[in-house]
Amino acid sequence: MNMDFIENGGVTSPLGFQAAGVCAGLKRSQAPDMALIYSGTPCSFSGTFTSNLFPAAPVQLCRERVLRQEKIQAVIINSGVANACTGIEGYANAEKMAELTARELKIDPGMVMVSSTGRIGNQLPMDKIEHGIVLAAKALRPDGGAEAAEAIMTTDTKPKEIALSFVSGDRKVTIGGMCKGAGMIAPKMTVPHATMLCYITTDCAISGELLGSMLGEAVDDSFNKVIVDGDMSTNDTVIVMANGASGVEIREGSPDALHFKVALSMVAQHLARAIAMDGEGATKFVSVEVGGAATRQEAEMCARTIANSLLCKTAWFGCDPNWGRILAAAGRSGANFSPENVSLDYDEMPVVRNGIDAGTPESELAQLMKRGEFTVKLDLGEGHGSFTVWTSDVSYEYVKINADYHT
């Protein structure tokens, strides 16, 4: 199976999609703060959303639309104000965003999905929102994906985009995506049942049911493995749209279905890793791989406990090989294991064997930890369960960003 990555690709790389990113005046910085994605033809779609018990108003609206309708054509996204914990007024404003977008695009309001990101607890300034929607609809372009990716950023340091394609017979299927997220990242999204926002587009034809099944698996193997600071957002969202413009139909059980599933997973994993790499104030991307657990669930508990540990994350920032913090986190994770069976490596270097120091000089381990990316490999010596979490370190800059946070 050959996948071709598209240079500078994003949500408008698939046929039939347009996007825009504009400044509505929601951010004090006057940076772009409103994005629009649009397909000229209706799309089958699916979505996954935060499991936080304080879901933002647009999350509530989108959950309902995933459950009750088969097609959408657009997603409108604002950054700067989360529209979370805003009650009945906030929900009405989310509906109004869809109505205003539909008015400009001349489509039914039910065909519009809505997302917001930013500060929690503030009502949307609807005059600015309406102004931004009018601007975004006028700015739609087949090459507007990069502007849209920039407009959804909050504390991100860079836009996050990807697109790839594969060939089916004599036709090409393209999948593109964009996301934002740098802090308040510990998604646990369900179908339909991350702040992290992600939008994926494709020009194949595929049923919403099959798309939802594939998206659920892709999200579990990507975004749900990312931890930046252990805080689950009220707004986490992944939406995927398929408009059929390529002429290729994906049917369950076909070779193309397998190809599409792999491609969707690759897009999701690329974007998820980009979030961890761009974690607020992060200087290192760390993969925490736990193996040898009695079950996959125990491996996951252990990996997440390590990735969430402030003592581990600050040690990684300081290039401190303090492996005792990792073992201590594993020991309190709830996973069952015998300490004398445990092994630990940092990349290729042995750190712990049989639960005690493996003898690698600390200076060598500290030098390895200066790498911008490394892997913590913990083997519990109990079975075949394994799980990987992608995370980042915690720096002085993280504290500064979140002590002063505003948009």
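Residues numbered from 1 in each chain as written. Predicted model: local features only at pLDDT ≥ 70, side-chain atom pairs only at ≥ 80, totals over all residues. Heavy atoms only, no water.

Engineer: Can you help me understand the pattern of salt bridges in this one?
Structural biologist: Note on pairing: side chains with opposite charge can pair once their charged atoms come close. Tallied over the entire structure, the rule returns 15 salt bridges. Between Glu-130 and Arg-103 there is a salt bridge whose closest N-O contact spans 3.1 Å. Of this pair, Glu-130 sits in helix H3 (residues 126–139) while Arg-103 sits in helix H2 (residues 87–105), and the two are 27 residues apart along the sequence. Its relative accessible area of 31% is what places Glu-130 among the partly exposed residues. Using a relative accessible area of 43% as the deciding quantity, one classes Arg-103 as partly exposed. Each of Arg-103, Glu-104 and Glu-130 takes part in one network of salt bridges that share partners. (Salt bridge = Lys/Arg side-chain N within 4 Å of Asp/Glu carboxyl O. Helix = DSSP H or I, 4+ residues; strand = E, 2+ residues; numbered from the N terminus. Buried < 20%, exposed > 50% of the residue type's maximum accessible area, 1.4 Å probe, protein only.)

Engineer: Help me understand the confidence of the model for the protein, please; the structure alone is not making it clear to me.
Structural biologist: Predicted coordinates in regions of low pLDDT should not be interpreted in detail. Scored by pLDDT, the protein comes out at a mean of 91, with 94% of its residues at no less than 70. Confidence drops under pLDDT 50 across residues 183–187; counting only partners more than four residues distant or on other chains, this segment forms 30 contacts. Confidence drops under a pLDDT of 50 for residues 189–194, and excluding neighbours within four residues, the segment shows 29 contacts in the predicted structure. (pLDDT = per-residue confidence, 0-100. Contact = heavy atoms within 4.5 Å.)

Engineer: Looking at this structure, how should I read the layout of surface pockets?
Structural biologist: Taking a probe equal in size to a water molecule and rolling it over the atoms shows the remaining empty space. There is about 220 Å³ of room inside the second largest pocket. Counting residues per element, the ones that place at least two in the lining of the second largest pocket are strand S3 (34–49) and helix H5 (208–220). Top element by residues in the lining of the second largest pocket is S3. It accounts for 4 residues. Here the lining of the second largest pocket is built from residues that sort into 9 nonpolar, 8 polar and 3 charged. (1 Å grid on protein atoms, 1.4 Å probe; cavity = no way out; pocket = protein on both sides within 12 Å on 5 of 7 lines; lining within 4 Å. Points joined across faces, edges and corners; volume = space filled by probe spheres on them. Nonpolar A, V, L, I, M, F, W, Y, C, P; charged D, E, K, R; others polar.)

Engineer: Could you clarify how one ought to interpret the state of the cysteines in this entry?
Structural biologist: Each disulfide consists of one covalent bond between the sulfur atoms belonging to two cysteines. By the definition in use, this model includes 0 disulfides. Cys-302 takes part in no disulfide bond, and the closest cysteine sulfur to it belongs to Cys-312, at a distance of 9.9 Å. Residue class for Cys-312 comes out buried when judged on its relative accessible area of 1%. (Disulfide = S-S within 2.5 Å.)

Engineer: Sorry if this is basic, but what is going on with the packing of aromatic side chains here?
Structural biologist: Given two aromatic rings, one states the distance between the centres and the angle between the planes to describe the pair. Per the stated rule, a full pass over the model turns up 1 aromatic pair. Aromatic pair Phe-317 and Tyr-396: ring centres 5.1 Å apart, planes at 85°, arrangement edge-to-face. Of the two residues, Phe-317 sits in helix H8 (residues 310–317) while Tyr-396 sits in helix H11 (residues 396–403), which places them 79 residues apart along the sequence. Lying across the ring of Phe-387, Lys-225 places its NZ or CZ 5.3 Å from the centre. The side chain of Arg-273 reaches across the aromatic face of Trp-390, ending 5.6 Å from its centre. (Phe/Tyr/Trp six-rings, centres within 6.5 Å; stacked < 30°, edge-to-face > 60°. Lys NZ or Arg CZ within 6 Å of the ring centre and 35° of its normal.)

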